[in-house]
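Observations on the model geometry
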Amino acid sequence: MLVLFLYLGLYTWNMRTGYLDTVADVTGLEVSRWVLAPGKWAADSAELLFRRYIYFIGLRQENERLASDLEKTRSELVDATEKAALAGRLSDLMSFAPPEGWVREGARVVSHRLGPNAALETIMIDKGTRAGLKVNLPVVLPFGVVGKTLRVSQNAAVILLVNDLNSRIPVMGQIHRTQGILAGQGPDDPMEVQYVPQGSPLDEGELLITSGLGEVFPKGLPVARVVKVEPTGPTLFQNVLAAPLSDIKTAEEVLVLKKPPLPPEEPQVEEEKEVRPQLEGKGKRLRPPVFDNKIDQAKPKPGPGPGGD
Amino acid sequence: MLNLLWWVCVVIAGIMAQRQVPGVDFLAAGFVLALQEERWTKSLWFALAAILIQEGDGSLAFGSGLIWYGALAAMYFFGHYLFEAKNFLFMIILGACQGAMHILLSLMMASLQDWSVAPERLWLEAIVQAVVFPMEWGLLYIIYHNLPLSHARTV
């Protein structure tokens with residue numbers, strides 16, 4: 001009862017004066033504030049640290065993922081650039097219209113000279129007899145002639161380049177139509193146009209095209225550009241030098257020109273059936289039909305030599 | 001089987017190397033390594049493969065490869081009476097002989113076909129051949145004798 005009395009007395013006194021509330025505010029509240037504020041800062045800091053740690057873990061993972069994505073994107077970019085370059089080159093190749101009576105066969109350059117026996121300036125391509133290639137077919141790029149097929153296997157062919165010492169191509173000037181023989185002088189030297197008579201017009205910078213006089217190159221393919229024309233004194237011919245139209249050694253794809261296969265002949269079976277009984281009745285033998293093109297292909301032809309057209 | 005795989009790898013690596021360095025034979029060192037094993041069937045098979053590859057890839061008429069590897073085998077057999085067969089000095093001499101032979105053989109075979117070959121390039125290729133051969137042989141020798149092929153070699 002005494003305690004209750006004291007409590008009620010204190011309570012009502014505090015309600016009237018507010019001293020105890022003030023004391024509580026000044027002491028307890030302040031203590032709590034000074035205790036809680038650093039505690040809260042510590043807690044916040046700890047929480048922040050924890051969050052950052054978690055964040056850093058995520059960041060590291062994200063960084064790794066981004067690095068991986070970047071690497072992948074770089075790879076794709078290189079791939080896309082390569083494809084774009086390839087598309088450009090193929091587009092250029094496809095823009096080449098083959099001469100009438102010829103069809104083009106695209107091929108990739110596999111290698112340049114290979115092994116100790118590769119004495120001549122050659123490149124190797126990835127098409128051969130399976131693609132209808134044979135020896136002495138012209139090989140071209142959109143800017144001009146690259147060379148001709150020298151050796152052919154089932155799935156590969158060796159191309160003799162125009163700048164080889166043994167290459168000989170009958171050419172003529174595109175403007176003046178002066179004829180000569182374009183002879184290679186090696187990969188690092190300009191080509192020579194031989195047998196151009198003194199006085200025949202031929203300008204420096206004039207484009208040389210194939211004259212079609214040989215059996216290999218069709219007429220009108222650009223080959224080289226004249227870089228020097230000078231008379232050579234007492235000789236019958238001028239000294240003419242020519243440069244290839246582009247660096248042949250950088251070619252990655254080429255076109256091989258070939259004759260299209262002849263269309264199959266009309267079947268003569270019905271006709272034979274009609275003729276055979278009459279001939280058999282007379283005791284005569286019927287000759288089989290002759291396919292000239294097949295016989296020509298089967299016969300080994302004496303070629304014009306490794307370099308000559 | 002491992003042994004066969006090794007020699008196939010030597011041939012493939014040789015072809016790839018030849019693509020990078022035109023005019024130089026990277027299969028000759030493998031052939032000499034096969035000769036040093038003194039298992040003649042192995043040497044013959046390797047020589048056959050090398051001859052066919054070089055003849056097929058080359059632009060000279062068939063026959064250069066036969067002379068090339070035949071002369072290399074002859075030089076090896078002649079030289080190994082005078083030198084230790086697996087001596088690096090012997091390989092340097094073999095490389096020099098190959099360099100000289102490259103010039104002579106290319107000029108001879110090209111002239112037989114009435115072709116012209118740039119002699120400056122042949123000189124350069126000969127020097128590279130002479131330098132590359134002993135180095136490549138040394139590399140192949142070290143790899144071959146450190147591979148787990150000892151069982152296969154004795155079979």
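A brief report on the enclosed structure follows. Just so you know, these numbers come straight off a predicted model, no measurement behind them. (Residues numbered from 1 in each chain as written. Chains lettered and ligands numbered in written order. Predicted model: local features only at pLDDT ≥ 70, side-chain atom pairs only at ≥ 80, totals over all residues.)

**Points about the packing of helix H5 (residues 88-112) of chain B against helix H6 (residues 119-144) of chain B**
All names here are of chain B. Condition: Inter-axis angles, ranging from 0 to 180 degrees, are taken between N-to-C directions of lines fitted to C-alpha atoms, where helices are fitted over the stretch in contact. Comment: elements are numbered from the N terminus, with helices defined as DSSP H or I runs of at least four residues and strands as E runs of at least two. When describing relative orientation, an angle under 35 degrees is termed roughly parallel and one over 145 degrees roughly antiparallel, while 65 to 115 degrees is termed roughly perpendicular and anything else oblique. Helix crossings fall into two classes, left-handed where the near helix is turned counterclockwise from the far one by less than a right angle and right-handed where it is turned clockwise. Distance between backbone-placed C-beta atoms decides contact: two residues are in contact if it is within 7 Å.
Packing of H5 against H6 brings their axes to within 8 Å, and their N-to-C directions diverge by 150°. As far as their axial angle goes, H6 and H5 are roughly antiparallel. Crossing of H5 against H6: the hand is right-handed. In this structure, H5 uses Phe88, Met91, Ile92, Leu94, Gly95, Ala96, Gln98, Gly99, Ala100, His102, Ile103 and Ser106 to contact H6, whose residues at the interface are Leu122, Trp123, Glu125, Ala126, Ile127, Gln129, Ala130, Phe133, Pro134, Trp137 and Gly138.

**Topic: the sheet that holds strand S7 (residues 179-183) of chain A**
All names here are of chain A. Test applied: Here, any two strands with at least 2 DSSP bridges between them count as paired.
Strands sit in the order S6-S7-S8-S11-S10-S9 around a closed barrel of six strands; the barrel is antiparallel. The sheet shows a mean angle of 45° between the axes of neighbouring strands, direction not considered. In terms of strand pairing, strand S6 (residues 168-173) meets strand S9 (residues 207-210) through three bridges, oriented antiparallel. Paired with Gly173 across the two strands is Leu208, which belongs to S9.

**Side note on the packing of helix H2 (residues 28-36) of chain B against H6 of chain B**
Residue and element names in this part refer to chain B. As a reminder of what qualifies: Amino acids are sorted into nonpolar (Ala, Val, Leu, Ile, Met, Phe, Trp, Tyr, Cys and Pro), charged (Asp, Glu, Lys and Arg) and polar (every other residue, Gly among them).
Running from N to C, H2 and H6 cross one another at 50°; their axes reach a closest spacing of 9 Å. Accordingly, the angle class assigned to the pair H2 and H6 is oblique. For the crossing formed where H2 meets H6, the hand is right-handed. Judged by residue contacts, Ala28, Ala29, Gly30, Val32 and Leu33 of H2 engage Phe133, Glu136, Trp137, Leu140, Tyr141 and Tyr144 from H6. For the contact of H2 with H6, the residue count by class is nine nonpolar, one polar and one charged.

**Section: the nonpolar core**
Short version of the rule: Under the definition applied here, buried Ala, Val, Leu, Ile, Met, Phe, Trp, Tyr and Cys residues are grouped into a nonpolar core through C-beta atoms within 7 Å. Using C-beta atoms placed from the backbone, we call a residue buried if 20 or more other C-beta atoms fall within 10 Å of its own, exposed if 12 or fewer do, and partly exposed for counts in between.
Counting residues in hydrophobic clusters, the biggest one holds 85 residues, and the most contacted among them are Val146, Ile159, Leu182, Leu208, Val223 and Val254 of chain A together with Phe31 of chain B. Not counting chain neighbours up to four residues away, the residues in contact with Ile159 of chain A comprise Thr122, Ile123, Ile125, Val139, Val146, Gly147, Lys148, Thr149 and Leu150 of chain A.

**What to know about the sheet that holds strand S2 (residues 122-125) of chain A**
Residues and elements named next belong to chain A. The strand order around the closed barrel built from six strands is S1-S2-S5-S4-S3-S12, with neighbouring strands paired in antiparallel fashion. Between one strand axis and the next, the sheet turns through 45° on average, direction left out of account. Pairing geometry for strand S1 (residues 103-111) and strand S12 (residues 253-258), over six bridges, is antiparallel. Bridging from a neighbouring strand, Ala107 pairs with Val254 of S12.

**Examining the interface of chain B and chain A**
By convention, interface size is frequently given as the accessible area that disappears when the constituent parts associate. With 24 residues of chain B at the interface, the matching set in chain A holds 19 residues. Breaking the side of chain B that touches chain A down by element, the ones donating at least two residues are helix H1 (2-20), helix H3 (40-57), helix H4 (64-82) and H5 of chain B. In terms of residue count, the dominant contributor to the side of chain B that touches chain A is H3 of chain B (four residues). Counted by class, the side of chain B that touches chain A contains eight nonpolar, twelve polar and four charged residues.

**What to know about unusual backbone geometry**
All names here are of chain B. Of note, the phi angle at Glu38 is positive, near 55°, even though the residue is not glycine. Position of Glu38 relative to the elements: it lies in the loop between H2 and H3. Residue classification places Glu38 among the exposed positions, given that 10 C-beta atoms sit within 10 Å. One non-glycine residue, Asp114, lies in positive phi territory at about 60°. Residue Asp114 is classed as exposed on the basis of its 10 C-beta neighbours within 10 Å.

Read these as geometric descriptors, not functional statements.
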